[in-house]
Every structure is written in structure tokens, then in C-alpha cells.
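Observations on chain architecture
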Amino acid sequence: MTDHNATGCSCSGEAKKACTVNRRQFLFASGATTFAVMVAMPTRHGQAEQVPALVSTYPRKLIGKLSELEQDVPVEFYYPDEGDYSDSILVKTGVESGGGIGPQKDVVAFNLTCTHQGGSLYDTYKADHKVLGPCPLHLSTYDVTRHGILVSGQAYQSLPQVLLELDGDDIYAVGMFGLIYGRYDNLIA
């Protein structure tokens, strides 16, 4: 029997090859073990778990008129209240946008506070790319044609979208899709 101790194996020659593991053998064995564990893990019916969207409704607030909007010229307003972090913009993007209203479904509205650390996105709308940002704090940028999804930067949540309703030519804000930065919930204080 060979003497194995803390300083290594005392085997030599062919015996040493038999009792040690080289790098290739180690990587193959660890890869095979990882694969076996992943295959054997139970799954939840093979589907991702659904998470409900955080939507808050508020009283309707008139924020603009469809006939007065110019493409890629943002209109500023406050919603859902006049409090901190409630400044928002309404913009006609010229392309169909997620949550958009109007004949081309291209009118959307978003809260102007970055979800990362509350930086103001005031005056950062870029018409050529249809984005808000970059945030002056950590450069987060959001796509307004895809429900305010983060496209770059440090944030980990989409920009809160103002839910809109069209009544004739009048555009109303009726709720929020997502949590406004700096608030525990979207309830009006």
C-alpha cells in the first residue's frame, strides 16, 4: 500500500499515474458531474414561473391632445401626483410602441426618474434611437418603443410607463406600469 500524506503521493512511475488526476481528467469529471446534477434536478413542468406586472390605477388626468403632438417632441407633465419623482413625458415616437395609443399606436408616456438611483432623465429623449437616457448618474438608457426596457447601464428595472387612454382627441393618464423610484408603492400620499 502506498503512503499518502499532506505533502503529496510517494508513488512513482506507472503507480503515480494511476493514483493522480491530471487537469484533463479533472475537467472532464467535473463537467460530467455538473451535467448529471443538472439533468437530475426536478423542474416545474418545464415552464418559467409567471410574475404579475405591477400596475397601479389612478383617476384619469388629461395630459394632452393627440392633434397637438409633434413627432419626437416630448410634452412634460406630472403623474400620478405633483410629488417627488412624478415628472413624466408624453411622446409621439412615429413607430408602433409597446403600450402605445393612437392610430399608429405610437404615443407613449414614461416617468422621468431612472430606476437605478433616481437620476433625472429630463431632456434626454433621443429621437433617432427612441430612447430616454443616458442617465447622468450611471448611464442607464431605456427604449421607449419596448415598454421602457433597459438597453444599457446599471439599472435592473424598466422605466415606469404611464398607462394612457384616448378619448376622442384627448389623451388621459390612467395608471402606472412599474414602480416609481423612491416610493414603496405607487399609492398617492
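What counts, and where the lines are drawn
Residues numbered from 1 in each chain as written. Predicted model: local features only at pLDDT ≥ 70, side-chain atom pairs only at ≥ 80, totals over all residues. Heavy atoms only, no water. Helix = DSSP H or I, 4+ residues; strand = E, 2+ residues; numbered from the N terminus. Buried < 20%, exposed > 50% of the residue type's maximum accessible area, 1.4 Å probe, protein only. Contact = heavy atoms within 4.5 Å. Areas by Shrake-Rupley, 256 points an atom, 1.4 Å probe, with all protein chains shown as cover. pLDDT = per-residue confidence, 0-100. Pairing = 2+ DSSP bridges. Axes fitted to C-alpha atoms, helices over the stretch in contact; angles between N-to-C directions. Polar contact = N/O pair within 3.5 Å; in protein donor to acceptor, adjacent residues only side chain to side chain. Salt bridge = Lys/Arg side-chain N within 4 Å of Asp/Glu carboxyl O.

**Overview of the overall build of the chain**
When you go through the chain residue by residue, the secondary structure sums to two helices and 12 strands. Element order for the chain, N to C, with α for helix and β for strand: β-β-α-α-β-β-β-β-β-β-β-β-β-β. By residue count, 35% of the 189 residues in the chain fall in the buried class. When contacts within the chain are restricted to residue pairs at least 6 apart in sequence, long-range pairs at least 24 apart make up 45% of them. With the model as given, the accessible surface of the chain reaches about 12,200 Å², and the carbon-plus-sulfur share is 56%.

**A closer look at the confidence of the model for the chain**
For the chain, mean pLDDT is 86; residues scoring 70 or higher make up 81% of the total. Least confident of the elements in the chain is strand 1 (residues 4-5), whose mean pLDDT is 51; most confident is strand 6 (residues 107-111), at 98.

**Quick word on the sheet that holds strand 4 (residues 75-78)**
Reading across the sheet, the six strands line up as 3-12-11-6-5-4 and stay open at both edges, with antiparallel pairing between neighbours. Two strands in the sheet have a free side with no partner beyond their single neighbour: strand 3 (55-65) and strand 4. Neighbour to neighbour, the strand axes of the sheet diverge by 30° on average, direction disregarded.

**Quick word on the pairing of strand 12 (residues 170-177)**
Counting buried positions along strand 12 yields seven of eight residues, so the element is predominantly enclosed. Sheet topology places strand 3 next to strand 12; seven bridges connect them, and they run antiparallel. Paired with Lys-61 across the strands is Ala-173, a residue of strand 12. Sheet analysis places strand 11 (residues 161-167) next to strand 12, joined by seven bridges and oriented antiparallel. Within strand 12, the position partnered with Leu-163 by the bridge is Gly-175. Counting the residues in the hairpin turn of strand 11 and strand 12 gives two residues, including Gly-168, whose phi is positive at 70°.

**A short note on the environment of Asp-72**
Following the sequence through the fold, Asp-72 ends up in the loop between strand 3 and strand 4. A sequence separation of 18 residues divides Asp-72 from Leu-90, and the C-alpha atoms of the two residues are 9.6 Å apart. Among residues more than four places away in sequence, those in contact with Asp-72 are Val-91, Lys-92, Thr-93, Tyr-125, Ala-127 and Lys-130. For Asp-72, the side chain forms a polar contact with the side chain of Tyr-125, separated by 2.6 Å. At a separation of 2.9 Å, a polar atom in the side chain of Asp-72 contacts the side chain of Lys-130.

**What to know about the pattern of salt bridges**
Taken as a whole and assessed by the stated rule, the structure comprises eight salt bridges. For Lys-61, the salt bridge goes to Glu-82, with nearest N and O atoms at 3.5 Å. Separated by 21 residues along the polypeptide, Lys-61 in strand 3 and Glu-82 in the loop between strand 4 and strand 5 (87-92) bring together distant segments of the chain. With a relative accessible area of 59%, Glu-82 lands in the exposed category. Salt-bridge contacts for Arg-183 lead to Asp-81; the nearest nitrogen and oxygen are separated by 3.0 Å. You can see Arg-183 sitting in the segment after strand 12 and its partner Asp-81 sitting in the loop between strand 4 and strand 5, a full 102 residues away along the chain. Neither Arg-183 nor Asp-81 differs from the other in exposure class; each is buried. One salt-bridge network, held together by shared partners, links Arg-60, Glu-165 and Asp-167.

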